[in-house]
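# Inside the fold
Below, each chain spelled out in residue letters.
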Amino acid sequence: DKYTKKVKIGNLYGYESVGGEGGTFGTWFTIFLDDKHTLSINFTSNERSIYPIATDTELQYQILSTAKFEIN
């Protein structure tokens, strides 16, 4: 199962997708910075992980809200 939804990350809009295969699952964020740059952030966990970050949306959003990304 894979679905995509539009999300706002900082002051930019991007897409959040979830899915899995081969014993791993994850959440992917894709942000189009401009017509030449795309930022992709993946949170991936193994199905046997004790602390799967891929299902911890609160931790994912905390990481995304505290990170700063710049294009030089």
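Above this text sits the structure in question.
About the thresholds
- Residues numbered from 1 in each chain as written.
- Predicted model: local features only at pLDDT ≥ 70, side-chain atom pairs only at ≥ 80, totals over all residues.
- Heavy atoms only, no water.
- Pairing = 2+ DSSP bridges.
- Helix = DSSP H or I, 4+ residues; strand = E, 2+ residues; numbered from the N terminus.
- Axes fitted to C-alpha atoms, helices over the stretch in contact; angles between N-to-C directions.
- Core = buried A, V, L, I, M, F, W, Y, C linked by side-chain atoms within 4.5 Å.
- Buried < 20%, exposed > 50% of the residue type's maximum accessible area, 1.4 Å probe, protein only.
- Contact = heavy atoms within 4.5 Å.

### Considering the pairing of strand β3 (residues 24–34)
- Direction of pairing for strand β2 (residues 12–21) relative to β3: antiparallel, over a ladder of eight bridges. If you follow E16 over to β3, its bridge partner there is F29.
- Here β2 folds back onto β3, and the loop between the two strands holds two residues, one of which, G22, carries a positive phi near 60 degrees.
- Linkage of β3 to strand β4 (residues 37–46), two consecutive antiparallel strands, is achieved through a turn of two residues.

### Looking at the pairing of β4
- Bridging between β3 and β4 involves ten bridges; their strand directions are antiparallel. Following the sheet pairing, F32 is matched in β4 by T38.

### A word on the sheet that holds β4
- Spatial strand order, β1-β2-β3-β4: four strands in an open sheet with antiparallel pairing. The open sheet has two edge strands, β1 (3–9) and β4, and neither has a second partner. Looking at each pair of strands side by side, their axes are set apart by 25 degrees on average, direction ignored.

### Description of the nonpolar core
- By size, the foremost hydrophobic cluster in this structure holds eight residues: V7, I9, F29, I31, L39, I41, F43 and L64.
- Sorting the residues of this core by element identifies β1, β3 and β4 as the ones contributing at least two each.
- In contact with F29, other than residues within four places in its own chain, are V7, I9, Y15, E16, L39, S40, I41, F43, Q60, Y61 and L64.

Limitation: the analysis is restricted to geometry and does not speak to function.
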